[in-house]
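# Structural description and commentary
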Amino acid sequence: MPYPEEAEGFQVDSPETHTNFNKRFFKLKPFGDYDVDIKIEACGVCGSDLHTISGGWGAQKFPLCVGHEIIGRAIRVGPKVTLIQEGQRVGVGAQSYSCGECKQCKNDNETYCPVLMMDTYGSEWPQTGIVSQGGYSSHVRTHEHWVFPIPEQLETNLVAPMLCAGLTAYSPLVRNGAGPGKKVGIVGLGGIGHFGIMFAKALGAETWLFPGLAPRRWMHESWERMDTLLRRRKGFDLAKYLSLMDVHGRWISVGLPEEEGQVIKAQNLIANGVLIGASHLGSRREMLEMLKLAADKGLRGWVEELQIGEEGLKEAMVRMKKGDVHYRFTMTGYDKVFG
């Protein structure tokens, strides 16, 4: 049964077959007063997609269509929608719902909602039994709060990865004071890291890139007060980085590696009173600010396009596993596949 009751997309059935994508129809949740239906035109490929379908992040609700860096057109809006107009080019990121009533939701911290946090894919819509499905599909249905107008200046295939990777870098930068007179260090140049560099510089901060295993002398000479974005990896010497930060400098982790976290002794913290924190996505307000900044400054993601489909998606997952991407993939060609 076609849209509006069902969408068509590419689902994975198990971790053991996570590179096999099956094109099929699946149910959409019932259309609500505040919902927006989007006909998808492109979708970025996030490391979260691979971690999810390969089993690296634990059990999931299969079959599952992933993808949460979605760009498309709003083709239907609910009667109470005020934030989005039919026909607008819009985006959807990694989160699609929160309670909207708790302290966190009312203070631009909706991505930390303790009551109800719905991921764009893999979460069960309350009272329906329907599992949310992602952007490797023809359509997505999302509450208006989690649908974002895309500025005309930003190209669809290049802006798509900003909906997750970009926001994941931008939110901790602004929340930790990145701007003129501040020094920001980005550890690792990857899908999130390259956005971290762009946005830190655009915000006016002196911006440094550190590889995972940087020479200690070079690090020491360049390090002052750093708000640092970290995408952790195996064998990463976190203690060494912490020892080089200014007093009460902030180490902010944005990665979610599959392996266990690192052991840090109290002695690694007290010499400079370093503060360790983390960040999860970002608010609607921050998303809109980020997109405006990117439009105003002419910022673009470093993107390779792949054709949506069984082979294109398999290639994306295989190459991501190998680290063979600089620095993001975007799936395009949706009209050819879904009509």
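Residues numbered from 1 in each chain as written. Predicted model: local features only at pLDDT ≥ 70, side-chain atom pairs only at ≥ 80, totals over all residues. Heavy atoms only, no water.

## Here we look at the overall build of the protein chain
A tally of regular secondary structure across the protein chain gives ten helices and 16 strands. For 339 residues, the compact-globule formula gives about 20 Å, and the C-alpha radius of gyration of the protein chain, at 20 Å, lands near that figure. Taking the principal axes of the C-alpha coordinates as reference, the protein chain spans close to 65 × 40 × 35 Å. Considering the protein chain as a whole, with its 339 residues, one finds that 53% of them fall into the buried category. Across the protein chain, contacts joining residues at least 24 apart in sequence account for 72% of those joining residues at least 6 apart. (Helix = DSSP H or I, 4+ residues; strand = E, 2+ residues; numbered from the N terminus. Rg over C-alpha atoms; globule rule 2.2 N^0.38 Å. Buried < 20%, exposed > 50% of the residue type's maximum accessible area, 1.4 Å probe, protein only. Contact = heavy atoms within 4.5 Å.)

## Re the UniProt feature "domain: Alcohol dehydrogenase-like N-terminal" (unreviewed entry) in the protein chain
Per the UniProt entry, the sites bearing "domain: Alcohol dehydrogenase-like N-terminal" (unreviewed entry) are residues 33-152 in this numbering. Along residues 33-152 the backbone is 6% helical and 32% strand, and the end-to-end C-alpha distance reaches 27 Å. (UniProt positions renumbered as here; feature names shortened; annotations may be inferred.)

## Topic: the packing of helix α3 (residues 165-175) against helix α4 (residues 193-202)
Taken N-terminus to C-terminus, the directions of α3 and α4 make an angle of 45°; their axes are 8 Å apart at the nearest point. Relative to α4, the element α3 lies oblique. Between α3 and α4 the crossing geometry is right-handed. Only Phe 195, Gly 196, Phe 199 and Ala 200 of α4 make contact with α3, whose side of the interface consists of Ala 165, Gly 166, Ala 169, Tyr 170 and Leu 173. For the contact of α3 with α4, the class distribution of residues is seven nonpolar, two polar and no charged. (Axes fitted to C-alpha atoms, helices over the stretch in contact; angles between N-to-C directions. Parallel < 35°, antiparallel > 145°, perpendicular 65-115°, else oblique. Left-handed = near helix turned anticlockwise from the far one by under 90°. Nonpolar A, V, L, I, M, F, W, Y, C, P; charged D, E, K, R; others polar.)

## Observations regarding the domain arrangement of the protein chain
By convention, interface size is frequently given as the accessible area that disappears when the constituent parts associate. Along its sequence, the protein chain is carved into domain 1 (6-163 + 283-336) and domain 2 (167-278). Its C-alpha centre places domain 1 at a distance of 27 Å from the equivalent point of domain 2. Contacts between the two partners involve 25 residues from domain 1, matched on the other side by 18 residues from domain 2. Summing both partners gives a buried area of about 1900 Å² for domain 1 against domain 2, and 63% of it is carried by carbon and sulfur. Contact with domain 2 buries surface across domain 1, with Glu 286, Met 290 and Tyr 327 losing the most and accounting together for 28% of the total. We note a salt bridge from Arg 175 to Glu 286, for which the minimum N-O separation is 2.7 Å. Linking domain 1 with domain 2 are nine residue pairs in polar contact (both at pLDDT 80 or more). Of all the secondary-structure elements, those providing two or more residues to the side of domain 1 that touches domain 2 are α1 (47-53) and α8 (284-297). (Domains from an automatic or database assignment. Buried area = accessible area lost by both parts, 1.4 Å probe. Salt bridge = Lys/Arg side-chain N within 4 Å of Asp/Glu carboxyl O. Polar contact = N/O pair within 3.5 Å; in protein donor to acceptor, adjacent residues only side chain to side chain.)

## Brief notes about the side chain of Glu 8
Considering the arrangement of structural elements, one finds Glu 8 in strand β1 (residues 6-11). Given the relative accessible area of 18%, Glu 8 is considered buried.

## Details of the nonpolar core
Grouped together as the largest cluster of nonpolar side chains are 38 residues, with contacts concentrated most on Phe 21, Val 45, Tyr 136, Ile 308, Met 331 and Tyr 334. Of all the elements in the fold, those that place two or more residues in this core are β1, β3 (35-45), α1, β4 (69-77), β5 (89-92), α9 (310-322), β16 (328-332) and α10 (334-338). Sort the elements by how many residues they give to this core and β3 lands first, with five residues. With residues near it in sequence (within four places) discarded, Phe 21 still touches Phe 10, Gln 11, Val 12, Ile 53, Tyr 136, Glu 310, Leu 313, Lys 314 and Met 317. (Core = buried A, V, L, I, M, F, W, Y, C linked by side-chain atoms within 4.5 Å.)

## Digging into α9
Quick reminder: α-helices carry 3.6 residues per turn. Residues three or four places apart thus point the same way. With 13 residues, α9 extends 19 Å from end C-alpha to end C-alpha; this agrees with the ideal 18 Å at 1.5 Å per step. If you check which residues of α9 are buried, you get Gly 312, Leu 313, Ala 316, Met 317, Arg 319 and Met 320. Buried residues along α9 sit in contact with β1, β3, α1, β15 (303-307) and β16. Two residues or fewer after α9 comes Gly 323, characterised by a positive phi angle close to 75°. (Expected span 1.5 Å × (residues − 1).)

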